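# Descriptive analysis of the structure
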Amino acid sequence: MSKAFTKESDTAGDDDAPELPALPQGARNYMTPQGYARLRAELVALVNDERPKVVEVVSWAASNGDRSENGDYLYGKKRLREIDRRIRYLTKRLEIAEVADPSIHHGKDQVFFGATVTYANARGEERTVTIKGVDEVDPLQGEVSWVSPIAWALLRAREGDEVSLVTPGGVERIEILEVRYPAPGAPQ
């Protein structure tokens with residue numbers, strides 16, 4: 001059958017927000033103050049800057065007549081749906097966010113939300129991770145979600161403790177070498 005007679009599904013799932021990162025049942029959506037501010041700034045920029053510009057382009061394109069072959073109109077409408085989807089997603093995540101400032105633990109050696117932890121495995125390989133909220137992690141920067149297996153293994157432990165990390169290859173013992181928190185008022 002010719003593609004001309006099939007319905008393209010570029011609008012399928014438009015009402016569905018991207019799947020939200022999983023949180024344990026009944027858990028809070030912890031976030032650092034910087035992560036919350038970053039998401040909030042993105043939301044404000046979408047609502048106040050980007051969306052009005054796209055609406056203007058779509059309006060202009062719609063006034064040009066035939067919309068079926070009007071690229072500005074078609075791509076503008078698609079971009080508008082993407083922006084609206086992201087706005088809904090950010091709004092939902094910010095509504096359920098609970099901001100937790102890790103600097104309140106500055107100077108402590110126990111692992112809590114927001115800690116930067118250096119640990120070593122049995123082979124002596126060291127790794128440093130920072131425990132953050134599910135919406136603000138950047139794995140390439142060594143950030144892990146507080147609901148990740150490594151974070152669950154580290155939480156509540158102290159410097160010098162050995163903890164068990166369950167991995168697909170089995171249980172691995174890791175030793176916590178250092179726990180750091182940002183100083184109050186210092187950027188993370």
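Please refer to the structure higher up on the page.
Residues numbered from 1 in each chain as written. Predicted model: local features only at pLDDT ≥ 70, side-chain atom pairs only at ≥ 80, totals over all residues. Heavy atoms only, no water.

### A few points about the overall build of the protein
Helix and strand content of the protein: 3 helices and 7 strands. When its helices and strands are written in sequence order, the protein yields β-α-α-β-β-β-β-α-β-β. Looking at the protein as a whole, 35% of its 188 residues qualify as buried. Partitioning the contacts of the protein with sequence separation of at least 6, the portion at a separation of at least 24 is 61%. Accessible area of the protein: about 11700 Å², with a carbon and sulfur share of 51%. (Helix = DSSP H or I, 4+ residues; strand = E, 2+ residues; numbered from the N terminus. Buried < 20%, exposed > 50% of the residue type's maximum accessible area, 1.4 Å probe, protein only. Contact = heavy atoms within 4.5 Å. Areas by Shrake-Rupley, 256 points an atom, 1.4 Å probe, with all protein chains shown as cover.)

### Thoughts on the environment of Pro-139
Tracing the backbone through its elements, the reader meets Pro-139 in the loop between strand 4 (126–132) and strand 5 (143–145). As a C-alpha pair, Pro-139 and Val-129 span 10 residues in sequence and 8.9 Å in three-dimensional space.

### Here's the deal with the layout of surface pockets
The calculated volume of the largest pocket comes to roughly 280 Å³. Along its surface, the largest pocket is lined by Tyr-30, Ala-100, Asp-101, Pro-102, Ile-104, His-105, Phe-112, Phe-113, Trp-146, Trp-152, Leu-155 and Arg-156. Broken down by class, the residue content of the lining of the largest pocket amounts to 9 nonpolar, 1 polar and 2 charged. (1 Å grid on protein atoms, 1.4 Å probe; cavity = no way out; pocket = protein on both sides within 12 Å on 5 of 7 lines; lining within 4 Å. Points joined across faces, edges and corners; volume = space filled by probe spheres on them. Nonpolar A, V, L, I, M, F, W, Y, C, P; charged D, E, K, R; others polar.)

### Side note on the environment of Lys-108
Secondary-structure assignment places Lys-108 in the loop between strand 2 (97–99) and strand 3 (116–121). Setting aside its immediate chain neighbours within four residues, Lys-108 contacts Val-179 and Tyr-181.

### Concerning the sheet that holds strand 4
If you walk across this open sheet you meet the 5 strands as 5-4-3-7-6, and the pairing is mixed. At either margin of the open sheet sits one strand with a lone partner, and together these are strand 5 and strand 6 (162–167). Pairs of neighbouring strands in the sheet enclose a mean axial angle of 45°, with direction left out of account. Bridging between strand 3 and strand 7 (residues 170–180) involves 6 bridges; their strand directions are antiparallel. When the bridges of strand 7 are listed, Tyr-119 appears paired with Ile-176. (Pairing = 2+ DSSP bridges. Axes fitted to C-alpha atoms, helices over the stretch in contact; angles between N-to-C directions.)

### Examining the side chain of Asn-29
Turning to its location among the elements, Asn-29 is positioned in strand 1 (residues 29–31). Looking at Asn-29, its side chain comes within polar contact range of the side chain of Asp-135, at 3.1 Å. Look past the residues within four positions of Asn-29 in its chain and what remains in contact with it is Leu-23, Arg-93, Ile-96, Ala-97, Glu-98, Val-134 and Asp-135. (Polar contact = N/O pair within 3.5 Å; in protein donor to acceptor, adjacent residues only side chain to side chain.)

### As for the pattern of salt bridges
Considering all chains together, one arrives at 11 salt bridges under this definition. In this structure, Glu-50 and Arg-79 form a salt bridge, with 2.2 Å as the shortest nitrogen-oxygen distance. Highlighted residues: Glu-50 in helix 1 (residues 33–62) and Arg-79 in helix 2 (residues 71–95), separated in sequence by 29 residues. A relative accessible area of 28% places Glu-50 in the partly exposed class. Residue Arg-79 is classed as partly exposed on the basis of its relative accessible area, which comes to 32%. Ionic pairing is found between Glu-162 and Arg-173, a salt bridge with its closest N-O pair at 3.6 Å. Here Glu-162 is found in strand 6, whereas its partner Arg-173 is found in strand 7, with 11 residues between them in sequence. By relative accessible area, which is 49% here, Glu-162 ends up partly exposed. (Salt bridge = Lys/Arg side-chain N within 4 Å of Asp/Glu carboxyl O.)

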